[in-house]
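# Notes for the structure review
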Amino acid sequence: MVQDPFANAAQARLDASRAAALLDQAQVGLVVVDAHGLRFANPAALRLLGDAPGRPVIGRSLLDFIAPTDRAHVAEQIRRRLAGEPGSAYDVRCRRTDGSEFDARLFGQRVMFDGHHADLVTLTDVTELKDALRRSEWTASLLARSESLCRSGSFEVEWPSGRVLVSQGLRELTGEYRRPVGVDDTVDMISWVPPDERGLLAAIWRNAVVGEPFELQHRLLCADGERLVVLHRGILQAGAPGQPPRGLALIQDITRQHEAEHRIQELANFDEVTGLPNRSSLLDQLDARAHTARWDERGFCLMSIDVPRITELRATMGFGAGDSLAMTIAARLSRMATEQEVVAHVGGSEFAVMRVFDGPAAQEALHLRAQALQAGLQEAARVGPTEVFPLCHIGIAMFPADGEAADALLEAAQTARLGAEAAGGVAFARPESNALALREMQLAGALRHALVRNELSLRYQPQVSLATGAVIGAEALLRWRSAEWGDVSPVEFIQVAERSGLIGAIGDWVLRRVCEQSVIWRREGLPPVRLAVNFSPLQFQQGDVARQVQRTLLETGADPACLGMELTESTLMENPERAAAMLRELRALGIEISLDDFGTGFSSLSCLRRLPIDVVKIDRSFVQDMTNGPESVSMARAIITMAQGLKMQVLAEGVETEDQLALLVAKGCDQMQGYLFSRPITNDEMAALLREGRRLPEDRVRGGHKTRTLLLVDDDVAALSALRRLFRREGYRVLTAASAEEGRARLADSSVDVMLCDPGLSGPPLLAHAQQQHPDVARIALAGPEEWAAVAGEVSSGALHQVAAKPWDETRLCAQVAQAFRQQLMGDDHRRLQDEVGSLQTELATLRQQLASAQAREEAQAQLLEARGTGVRDLVDQLPLAVLGLDPDGLLVYANEQAHLQLPQAAAQLGLPPEGWLAELTLPGMPAVLSLPASARSEQCFEGRPGQVLVQPLRVADGSPRGHSLVFLPMAPPPAAS
């Protein structure tokens, strides 16, 4: 079939027209680019590129419509298309003919245009898409930065798979930077949640309700092993119709907030120093326990424990020392506490223990438990370089008998604690405890006015030498007779004064009154005695005691040798180094230092050896028990031996019976104090006692004519009776014992000189006991022939001094006993002489120390006076007037430099009487000058010049004359007559 060429051309023209129409209607820009520029552009492209009259698009290079930053890239793409390389869409920034810019996506491909290759470029405006993308990227960046700043992250949960898609912030929070988002993580198995919490988290998400938010806290595992506490907020959002919901969660790191809340909780409920529950926490636990106790039938009690040493250390050594001891006490309580006990630090020096028990409470068991706690707490504690002994007092209150509310129970235990010291350290709450607390408050108020109202007074209990029997001192004892309360016991009001802070003022008052009384007795001519003042631990630990005492001595004029200071062991052991330095200053003043109540504290011998102590006072508890058993006698003898070995005197206080005195004398005690000699007496009674020279009887002191005591020990009653009759005729005081045990008791409660015993007694060995515990007793064995072999060993060991034959010859036996008494008397004399020598050596050492101190003070005073005199002399020498000095006898003893210049003849006559040089001075009126009144002026003529002589008498401090000073005042000569 032959085609019509005209028809084909027409058809071609029709197809071209249709294609042009389609290109004109297209909303996508199409341009044809070749090496010469834009050859074609459809209307959409013309609009995009800003074609307008005067701003044609066709014929220009496509690069003219590209932003400079993208031109090289577009040029390269066109070259490649023209070369036949396939291309892909790419985005560039385009510029219209009016200069405005827009984002476009270009896609080119090679085509034939007008018979040669060209690049057909599709041009699409993507400005809105790019803007949306940029906003999306900015939002994503903002979210990432916000999550980083807030230490938070987020994730989505896809349902029903449960797949978890995490944000960049969450990956940074967990430290998984390189892990792809959501790999292997589902809501049931989230890798960054601890395994023990994954089940809970999955259950919460699986049971979440659409549209209802929820939150929880859990831990988060980081890639480096760190664990964070996070706040997890989530919500399940409904999906599009027919689509499953999606979960959205926000994770925020609240680790620091959680730690801060925990710290705040600790500070609110735990003591910062000790770490124990504080008062608030204790009250909460008491309240909870009280509610529980009403239905579980388990009772409980509360122990209030006070350790006053903590407060004392804070006042003396600083808060660090007090806190250190508080931590030590807290550690000990925590270590000793059982599962049924809760320990708390109420505040300051107060601790508490709540103890739960099954069934009814047994006070005896609770008392034993409290004593065990007390013993554990009172062990020595190391505070820095110092060893302290933290005494404690415990008060116990029972629920519900002593209080049903928590604060009432605590108050009851605290009130009971106030009476613990008098009860041995542990006391139970009593109905009258509140009354006692009220009385203490009222006493504290009345005590503040006692000094002003002159309600306080002093009593003096004499102290006696057991070597001479004479009164050598007295202890000043404070008494209070209140207008409201009558006579108040010192045991009560001294403790009130210490707790209320009044002990310092009261102590100053006592010290001043004692010094004033000592001066009064000295002026009355009474024998000098040393008055001892008790110092409270608080007084000694606060301030400079040495300076205070020295100031009081100077103000009152008292002699330091007549003042003593008594301190307890606990006072000195608190800080031995400071105590030693303070005591040395006091001792240098001549004050005697006594260690009071020795044996009741915790002092160590090493510390005691370094302290400058003069007198050790045996506590009255040992003295009163001396006649009750050998243990107290041994304790007293050990104290005496120890103190005397350290060159200290020993004073026994509380001596009330003749037997106690006899035992103390036999054991070598130096001094005594007690009702046996005198009760505490007033000032006037003490003065009368000193005037009359009252003393112990001669037979009651060492070296005096005392009763000779013989102890007979034999289990043969007949022999014992015969011996008692025999030796009573000799004038001995005879004691008998029918057994070894009874013999030991007689040695303990009586002062025995000679013991005559049967060596064959059954029971504990008597001779060895006497040798060890009573070495001063002469020991004689009354032995038969069959016992001589055994007795010989006792003699060689020193347990026996002599052996008498049995049956005995009365004359020979009496001679042996008399010889034993003579030897015992010689031993007593030897010991007395040793004691006197030791006392004299101690006194000599004290006098030497006092003399050295006095010499040092006198030298310092002399140097001061010399310095003052030199200064005054230099000042007078520089005066422009002639000054002469005459002594009380009229001798010229001084002439200053001007006197040497103006009166050379007078200066040459130093040391001569006035008459010897007055005539040479041509001062005829000089003798009359010396008789002028004070500050008188006399006109004279000396050296041919008129002048005045100012005469001033000199006197010393007591008013006695010291001489005269003469000051020569030259006068101008009268004008010559015209």
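Residues numbered from 1 in each chain as written. Predicted model: local features only at pLDDT ≥ 70, side-chain atom pairs only at ≥ 80, totals over all residues. Heavy atoms only, no water.

## Some remarks on the pairing of strand 23 (residues 592-598)
Along a regular strand, successive side chains alternate from one face of the sheet to the other. Where burial is concerned, most of strand 23 is hidden: 5 out of the 7 residues are buried. Examined bridge by bridge, strand 22 (residues 563-568) and strand 23 share 5 bridges and lie parallel to one another. Residue pairing in the sheet places L567 in a bridge with L595 of strand 23. In this sheet, strand 24 (residues 615-618) lies alongside strand 23 in parallel orientation, the contact comprising 3 bridges. By the bridge assignment for strand 24, F598 is matched with I618. (Buried < 20%, exposed > 50% of the residue type's maximum accessible area, 1.4 Å probe, protein only. Helix = DSSP H or I, 4+ residues; strand = E, 2+ residues; numbered from the N terminus. Pairing = 2+ DSSP bridges.)

## Overview of the pattern of salt bridges
Under the criterion given, the structure shown has 37 salt bridges. D253 is the salt-bridge partner of R151, the closest N and O atoms lying 2.6 Å from each other. Of this pair, R151 sits in the loop between helix 4 (127-149) and strand 6 (152-158) while D253 sits in strand 10 (residues 246-253), and the two are 102 residues apart along the sequence. Here D253 falls in the buried class, since its relative accessible area comes to 14%. Between E156 and R246 there is a salt bridge, with the nearest N and O atoms lying 2.2 Å from each other. One end of the pair, E156, is in strand 6; the other, R246, is in strand 10, with 90 residues separating them in the sequence. (Salt bridge = Lys/Arg side-chain N within 4 Å of Asp/Glu carboxyl O.)

## What about helix 15 (residues 503-523)?
For helix 15, with 21 residues, the first-to-last C-alpha span of 30 Å sits near the 30 Å given by 1.5 Å per residue. When helix 15 is considered as a whole, its buried residues turn out to be I503, I506, G507, W509, V510, L511, V514, C515, Q517, S518, V519 and W521. Two residues or fewer past helix 15, G525 is found with a positive phi of approximately 80°. (Expected span 1.5 Å × (residues − 1).)

## Regarding the packing of aromatic side chains
Across all of its chains, the model carries 8 aromatic pairs by this definition. Note on Y732 and F821: the rings are 4.5 Å apart at their centroids and 20° apart in plane angle, and the pair reads as stacked. With Y732 in the loop between helix 25 (717-728) and strand 28 (733-737) and F821 in helix 29 (residues 810-877), the pair connects residues that are 89 residues apart, well separated along the chain. Across the pair, F821 and Y732 agree in class, each one buried. Following the ring pairs from residue to residue traces out a cluster consisting of F155, W192, W205 and F214. The ring of F677 has R694 lying over it, and the distance from NZ or CZ to the ring centre is 4.6 Å. (Phe/Tyr/Trp six-rings, centres within 6.5 Å; stacked < 30°, edge-to-face > 60°. Lys NZ or Arg CZ within 6 Å of the ring centre and 35° of its normal.)

## Section: the sheet that holds strand 27 (residues 709-713)
The strand order across the open sheet formed by 5 strands is 28-27-29-30-31, and the pairing between neighbours is parallel. Two strands bound the open sheet, and with one partner strand each, they are strand 28 and strand 31 (802-805). Neighbouring strand axes in the sheet, compared pairwise and without regard to direction, differ in orientation by 20° on average. In this structure, strand 27 lies alongside strand 28, joined through 5 bridges in parallel fashion. Bridge pairing links L710 to V734 in strand 28. (Axes fitted to C-alpha atoms, helices over the stretch in contact; angles between N-to-C directions.)

## Thoughts on the packing of helix 8 (residues 279-296) against helix 12 (residues 406-417)
At their nearest, the axes of helix 8 and helix 12 sit 8 Å apart, and the two run at 115° to each other. The orientation of helix 8 relative to helix 12 falls into the category roughly perpendicular. Crossing hand, helix 8 versus helix 12: right-handed. For the pair helix 8 and helix 12, contact is made by R279, L282, L283, L286 and D287 and by A406, D407, L409, L410 and Q414, respectively. (Parallel < 35°, antiparallel > 145°, perpendicular 65-115°, else oblique. Left-handed = near helix turned anticlockwise from the far one by under 90°. Contact = heavy atoms within 4.5 Å.)

## A word on the sheet that holds strand 5 (residues 116-125)
Judged by pairing direction, the sheet is antiparallel, and its 5 strands sit side by side in the order 2-1-5-4-3 without closing on themselves. Only two strands of the sheet have a single partner each, and these edge strands are strand 2 (37-41) and strand 3 (90-95). If you compare each strand with its neighbour and ignore which way they point, the axes differ by 40° on average. In this structure, strand 1 (residues 29-34) lies alongside strand 2, joined through 4 bridges in antiparallel fashion. What sits directly across from V33, in strand 2, is L38.

## Overview of the pairing of strand 30 (residues 778-783)
Counting buried residues in strand 30 gives 6 out of 6 residues, a clear majority hidden from the surface. In strand 30, alternate side chains face the same way, and those of A778, I780 and L782 on one face and R779, A781 and A783 on the other are all buried. Strand direction decides the pairing type here: strand 29 (residues 754-757) and strand 30, joined by 4 bridges, are parallel. Bridge pairing in strand 30 links L756 to I780.

## Observations concerning the side chain of D714
Within the secondary structure layout, D714 lies in the loop between strand 27 and helix 25. A distance of 2.9 Å separates a polar atom in the side chain of D714 from the backbone nitrogen of D716. Contact partners of D714, with chain neighbours within four places excluded, come to A719, L720, A737, A738, D758, L761 and K806. (Polar contact = N/O pair within 3.5 Å; in protein donor to acceptor, adjacent residues only side chain to side chain.)

Shape is all these values report; function is a separate question.
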